[in-house]
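Each chain is listed here by its residues.
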Amino acid sequence: MGSLCVWAVAALLATSGCWLAEGLKTSRRGSVHSATMPRTSSQEPNSMEKGKADGNIDQSLSDPDGDPCRRTYCGRGRQCVLMADTGRAECVCQEKCRPSFVPVCGSDGRFYENHCEVYRTACLERRRIYVVHSKDCFFKGNACTMSEYNRLKSMLLDMQPKVLKDGGQSQQRDMEEKRARVDTMFKYLDVDQDGRLVSGELEKISMKEHLEDSLLECTMQDLLRYDDYNNDRHLSLHEFYTAFQVVQLSLAEDQWISISTVTVGLSAVLTCAIQGTLRPPIIWKRNGIILNFLDLEDINVSDFGDDGSLYITKVTTIHMGNYSCHAYGYEDLYQTHVLQVNVPPVILVYPETQAQEPGVSASLHCHADGIPNPKLLWLKNGMDLLPRSSTQLALIANGSELFIGSVRYEDTGAYTCIAKNEVGVDEDISSLFVEDSAKKTLANILWREEGLSVGNMFYVFSDEGITVLQPSECEIRKHMQRAERIVATYEEMCPKGEGVSPQHCVWSSAVNVRDKYIYVTQPLLSRLLVVDVQTQKVVQAVTTDSFPVKMLYDKSHDQVWVLTWGDMDRTHPTLQVIPQASVGEVHHAIRTTFQRVSDFFIPPTNLIITHVRFAFVFLKNEPAVHKIDLETFHRVKTISLKNYSCIPVSMAYTHLSGFYFVQCESKSHLKAPPQLLIDSVTDAVIGPNLNITGQAFVSPDGRYIVTPDPQSSKLIVQTVSFQGELGLNQEVDEPIAVSDLAFQPSFTESNQHVVVATSGSGKDLLFADLSSGRTEVLRSLKEPLAPQAWPWGGPNRVVVSSGLFGQYLVTPSAESLFVLNGKQRSPHCEVSDIKRGNTVVWVGEV
């Protein structure tokens, strides 16, 4: 009975057709069975629970410990009840079944209205009764066979005049035509117009129309004999519709749109509110993609015999968004379910500990992600913290920063930041010690001498070597010269004969590995270097295939992925992986099986999304993206982009609704193709992202998508709502030929961002506030590297921020390096004699 086609048998006197085309089968998976146990009287949510779930999501499925019946499976025809005297769960015969007409024959030769009635009767009579695939019980002991009865009904239907004008054919239009003809027939047969067909009326019409001369074995009385399901000796219009298989569907106006909310990690059930006689199977869609026939690990549609609900076994933020349901063949009548996924707050404070002398200012920072946006409050030593004055103690950006203007000894304490939203609470402590520097306490020593010596630094890789820069003081803490030796092999960091004279370093890409190591590629030497952050020394050179040009760090599996070109013409590209990248041992690059690789993409992590399972690989000149398992390195799936003639160039991702943004290769300088959207739930291409073209950049919290338009040089800003709806937010009017783009948290509003964009052809740098649209442009940052002077792909002028709580950014010019103050939106300082410093990494807590 796992086929949706079986539904056609449900029509008692059906023809042999199926509602769904042959081959459209619903697979039965174990996860469906576990999620679709019959709801019993003891499992009904109370009114308060219904309110929380908005009547559409059964969150109780996710709480197996709250009710013993949630752990008890009673089987078909039985239900679980809690015994009043013992409080134990016991299985008893089901009191009643859901009112649905899906007629079947039982093995006892009796007719049953649906499957549930078969098994309920078996329980009550304590004997085995099962469904048999036979219609004999409908016509037992009568010469009127199923075939003859269908001939009678067809003849009666053909006698009725066509009511609707000819038009385009569709299943829905055909059903409207049939319903009109059945309505006409019923009115004609109902002589006294009381809405009921009785035996006398059927007999009279038979004689009047001389139907007994048709040589059929069935008579008009058989309509009453076989279609009077409630045995009240008359046929209602509803029963008449059922006899002639007229589908009657309805959806209450207040159910057209249903908004539901569920907490991340729980299970969800979306129930379709479309009702009616002989309702065909329910079809579910997400972003226009039918879900019923996809083999998804986390989404299932209930099988035959159930109510057509959609089950999500473990909800994550990618599941938020719109789902629609309709009866098969009747797409014009549909219900939209808007699913919002709430996430408890996850909090981070900075610094965890700091020591200050009396009289100086101090700031304690707190950042929290969650859905809805968490509210922040502060405690000092467990007591509510009340700002004394705007100059001495102030809460900035909705509590994201606690500012103390002039610290005193009594300000020493443990400051607790608490984040709350509708579904949870999180907290963390930032400790402040106020003491005379002469005391040199342990806290002071740890914070000043160790913390600042290796952390919170920019590492800049330039022609001269590696520069370690402390941004607030614009102080070069260390400079590793190009002739400095590698610890493990005693080779020079940038040996002579690298291909360019005089001797200098050539870098292309660098990544921070858990603030312990920096991996940086040397494409002309076919290797990458490992820099130990603690000792600030190069500790190893790892050999790779020729011309390693790009790296990404997979934090979830502690792996560094390396793209190599083979040569400058990219004729033999490969993809390699360095496992256990943060472990202090000798590292080796493992070559994967992927050839002809043009690029790859690994989705980022954040406070909420801490684990990523898949990467994506693009192959040269191929209109597809290949989904790769990050643990096994195996190809999971190929997502074809052939229908859109799209050869992928870059990807971006937001975990809110799970959208991938694919930039397609431009074949003409006149018009670039639009971005494509891919749904990560179904791995299906949704279609173009409006008419937006270019490379997308996504904010760390996934809420903003910023695309520099290559034609207008303006920034197109899109947002993703907490209901998973992607919308166009604004267009930043200030044009700039964007080379690179970075996000900084707003210093005036919590959960907001500022975009910082560099120009690849001029001296401009743009600050754009994403919440207000306000922009500022710096126009004096000197010329960037010429594009031809940076042949390794990617931006020719990078911009790198100093982390979640940092206010500084770094961007190079051809001959120097600029440090910017993002809080004041102004240049902070210029560091000269750093040439081609276009490879930059931030290392530190913030």
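Since the model is a prediction, treat every value here as computed from it, not as a measurement. (Residues numbered from 1 in each chain as written. Predicted model: local features only at pLDDT ≥ 70, side-chain atom pairs only at ≥ 80, totals over all residues. Heavy atoms only, no water.)

### Re the overall build of the protein
Argument step 1. Looking only at helices and strands, one finds 10 helices and 55 strands in the protein.
Argument step 2. Counting across all 846 residues of the protein, residues that qualify as buried make up 52%.
Argument step 3. Taking contacts inside the protein between residues at least 6 apart in sequence as the whole, the part at least 24 apart equals 54%. (Helix = DSSP H or I, 4+ residues; strand = E, 2+ residues; numbered from the N terminus. Buried < 20%, exposed > 50% of the residue type's maximum accessible area, 1.4 Å probe, protein only. Contact = heavy atoms within 4.5 Å.)

### Overview of the pattern of salt bridges
Argument step 1. This structure, assessed with the given rule, holds 26 salt bridges.
Argument step 2. Glu-491 serves as the salt-bridge partner of Arg-527, at 3.4 Å between the closest nitrogen and oxygen. On the criterion of sequence distance, the pair formed by Arg-527 in strand S29 (residues 527-532) and Glu-491 in the loop between strand S26 (475-481) and strand S27 (510-513) is long-range, its members being 36 residues apart.
Argument step 3. For Arg-527, a relative accessible area of 7% corresponds to the buried category.
Argument step 4. Two residues, Lys-637 and Asp-683, come together in a salt bridge whose shortest N-O distance is 3.0 Å. Of this pair, Lys-637 sits in strand S38 (residues 635-640) while Asp-683 is found in the loop between strand S41 (674-679) and strand S42 (684-693), placing the two residues 46 residues apart along the sequence.
Argument step 5. The class for Lys-637 is partly exposed, based on a relative accessible area of 33%.
Argument step 6. Overlapping salt bridges bring together Asp-769, Arg-774, Glu-776 and Arg-825 as one network. (Salt bridge = Lys/Arg side-chain N within 4 Å of Asp/Glu carboxyl O.)

### Let's talk about the nonpolar core
Argument step 1. Among the nonpolar cores identified, the biggest contains 78 residues, and Leu-223, Phe-240, Phe-244, Trp-284 and Tyr-323 are the most heavily contacted of them.
Argument step 2. Setting aside chain neighbours within four positions, we find Leu-223 in contact with Tyr-149, Lys-153, Leu-156, Leu-202, Asp-228, Leu-235, Phe-240 and Phe-244.
Argument step 3. Residues Leu-563, Phe-594, Trp-790 and Trp-792 belong to the second largest nonpolar core, which totals 22 residues. (Core = buried A, V, L, I, M, F, W, Y, C linked by side-chain atoms within 4.5 Å.)

### Thoughts on helix H6 (residues 171-189)
Argument step 1. Between its first and last C-alpha, H6 extends 27 Å over 19 residues, near the 27 Å set by a 1.5 Å rise per residue.
Argument step 2. Here H6 has its buried residues at Gln-172, Met-175, Glu-177, Ala-180, Arg-181, Val-182, Met-185, Phe-186 and Leu-189.
Argument step 3. Check the buried side of H6 and you find it contacts helix H5 (146-158), helix H7 (199-208), helix H9 (237-243) and strand S15 (330-350). (Expected span 1.5 Å × (residues − 1).)

### Details of the environment of Gln-340
Argument step 1. Structurally, Gln-340 can be placed in strand S15.
Argument step 2. For the pair Gln-340 and Ile-259, spaced 81 residues apart in sequence, the C-alpha separation works out to 7.6 Å.

### Digging into the state of the cysteines
Here a disulfide denotes one covalent bond, and it connects the sulfur atoms of two cysteines.
Argument step 1. A full pass over the atoms with the stated rule returns nine disulfides.
Argument step 2. In this model Cys-74 forms its disulfide with Cys-91; the gap between the sulfur atoms is 2.0 Å. Classification of the bridge connecting Cys-74 and Cys-91 rests on its S-S torsion, roughly -80 degrees, and on that basis the disulfide is left-handed. Placement of the pair is Cys-74 in the loop between helix H3 (47-53) and strand S1 (78-82) and Cys-91 in strand S2 (residues 89-93), with a sequence separation of 17 residues.
Argument step 3. Residue classification places Cys-74 among the buried positions, given a relative accessible area of 11%.
Argument step 4. In this structure Cys-91 comes out as partly exposed when scored by relative accessible area, which is 26%.
Argument step 5. Here Cys-272 engages in a disulfide with Cys-325; their sulfurs sit 2.1 Å apart. In this structure the cystine formed by Cys-272 and Cys-325 twists about its S-S bond by roughly 85 degrees; its chirality is therefore right-handed. Here the residue Cys-272 occupies a position in the loop between strand S8 (268-270) and strand S9 (275-277), and Cys-325 occupies one in strand S14 (residues 321-327), the gap between them amounting to 53 residues.
Argument step 6. Overall, the relative accessible area of 2% leaves Cys-272 in the buried class.
Argument step 7. Its relative accessible area of 0% is what places Cys-325 among the buried residues. (Disulfide = S-S within 2.5 Å.)

### Considerations on the sheet that holds strand S36 (residues 614-619)
Note on sheets: strands pair through backbone hydrogen bonds, and any given pair is parallel or antiparallel.
Argument step 1. If you trace the four strands from one edge of the open sheet to the other, you get S35-S36-S37-S38, paired in antiparallel fashion. Every other strand in the sheet has two partners, leaving strand S35 (597-601) and S38 as the edge strands with one partner each. The sheet shows a mean angle of 25 degrees between the axes of neighbouring strands, taken without regard to direction. (Pairing = 2+ DSSP bridges. Axes fitted to C-alpha atoms, helices over the stretch in contact; angles between N-to-C directions.)

### Overview of H5
Argument step 1. Over its 13 residues, H5 extends 18 Å from the first C-alpha to the last, a length consistent with the 18 Å expected when each residue adds 1.5 Å.
Argument step 2. Considered for burial, the residues of H5 that qualify are Met-146, Glu-148, Tyr-149, Asn-150, Leu-152, Lys-153, Leu-156 and Leu-157.
Argument step 3. Considering only its buried residues, H5 is in contact with H6, helix H8 (221-227) and H9.

### Here's the deal with the packing of H5 against H6
Argument step 1. One can describe the packing of H5 onto H6 by two numbers: an axis separation of 9 Å at closest approach and a directional angle of 90 degrees. Considering their axes alone, H5 and H6 lie roughly perpendicular with respect to each other. Across the interface between the two elements, Leu-156, Leu-157 and Asp-158 of H5 pack against Lys-178, Arg-181, Val-182 and Met-185 of H6.
Argument step 2. Its residues assigned to classes, the contact of H5 with H6 shows four nonpolar, no polar and three charged. (Parallel < 35°, antiparallel > 145°, perpendicular 65-115°, else oblique. Nonpolar A, V, L, I, M, F, W, Y, C, P; charged D, E, K, R; others polar.)

### So, the pairing of S27
Argument step 1. Of the pairings in the sheet, the one linking S27 to strand S28 (residues 517-522) comprises four bridges and is antiparallel in character. Residue Ala-510 lies in a different strand from S28, and its bridge partner there is Val-520.
Argument step 2. Counted along the chain from S27 to the antiparallel partner S28, the turn is three residues long, and its residue Arg-514 has a positive phi close to 55 degrees.

### Here we look at the packing of aromatic side chains
Argument step 1. Applying the stated criterion to the full structure yields 11 aromatic pairs.
Argument step 2. Centre to centre, the rings of Trp-561 and Phe-633 are 5.6 Å apart; their planes meet at 90 degrees, and the pair counts as edge-to-face. Residue Trp-561 is found in strand S32 (residues 559-564), and its partner Phe-633 is found in the loop between strand S37 (624-629) and S38; the two are separated by 72 residues along the sequence.
Argument step 3. Owing to a relative accessible area of 0%, Trp-561 belongs among the buried residues under this scheme.
Argument step 4. Between Trp-565 and Trp-792 the ring centres are 6.2 Å apart and the planes differ by 40 degrees, which places this aromatic pair in the tilted class. Of this pair, Trp-565 sits in the loop between S32 and strand S33 (574-578) while Trp-792 sits in the loop between strand S50 (775-778) and strand S51 (800-801); the two residues are 227 residues apart in sequence, bridging distant segments of the chain.
Argument step 5. In this structure Trp-565 comes out as buried when scored by relative accessible area, which is 4%.
Argument step 6. Judged by relative accessible area, which is 7%, Trp-792 ranks as buried.
Argument step 7. The aromatic ring of Phe-600 is capped on one face by Lys-550, whose charged end is 5.0 Å from the ring centroid. (Phe/Tyr/Trp six-rings, centres within 6.5 Å; stacked < 30°, edge-to-face > 60°. Lys NZ or Arg CZ within 6 Å of the ring centre and 35° of its normal.)

### Quick word on the side chain of Gln-730
Argument step 1. On the secondary structure map, Gln-730 appears in strand S46 (residues 726-732).
Argument step 2. A distance of 2.8 Å separates a polar side-chain atom of Gln-730 from the backbone oxygen of Leu-770.
Argument step 3. Dropping the residues within four chain positions of it, Gln-730 is found in contact with Leu-715, Ile-716, Val-717, Asp-769, Leu-770 and Gly-773. (Polar contact = N/O pair within 3.5 Å; in protein donor to acceptor, adjacent residues only side chain to side chain.)

### Quick look at a nonpolar patch on the surface
Argument step 1. On the surface, a cluster of nonpolar side chains totalling about 330 Å² of accessible area is made up of Trp-256, Ile-257 and Ile-259.
Argument step 2. Within the secondary structure layout, Trp-256 lies in the loop between strand S6 (248-250) and strand S7 (257-263). (Patch = residues over 30% accessible without salt bridge, like charges linked within 9 Å, V, L, I, M, F, W, Y side chains within 5 Å. Areas by Shrake-Rupley, 256 points an atom, 1.4 Å probe, with all protein chains shown as cover.)

### Concerning the pairing of S2
Argument step 1. Where S1 lies against S2, five bridges are found, and the strand directions are antiparallel. Bridge pairing links Cys-80 to Cys-91 in S2.

### Details of the side chain of Asn-421
Argument step 1. Relative to the elements of secondary structure, Asn-421 occurs in strand S22 (residues 413-421).
Argument step 2. Note on Asn-421: relative accessible area 15%, which makes it buried.
Argument step 3. Looking at Asn-421, its side chain comes within polar contact range of the main-chain oxygen of Ile-371, at 3.3 Å.
Argument step 4. Engagement of the side chain of Asn-421 in a polar contact is seen with the backbone oxygen of Pro-372, the distance being 3.0 Å.

### Observations regarding the sheet that holds strand S39 (residues 648-654)
Argument step 1. One open sheet accounts for four strands, arranged S39-S40-S41-S42; its pairing is antiparallel. The sheet is open, and its two edges are formed by S39 and S42, each paired on a single side. Across the sheet, the mean angle separating the axes of adjacent strands is 25 degrees when strand polarity is ignored.
Argument step 2. Pairing of S41 with S42 involves five bridges; the strand directions are antiparallel. Along S42, the bridge assignment pairs Ile-678 with Val-685.

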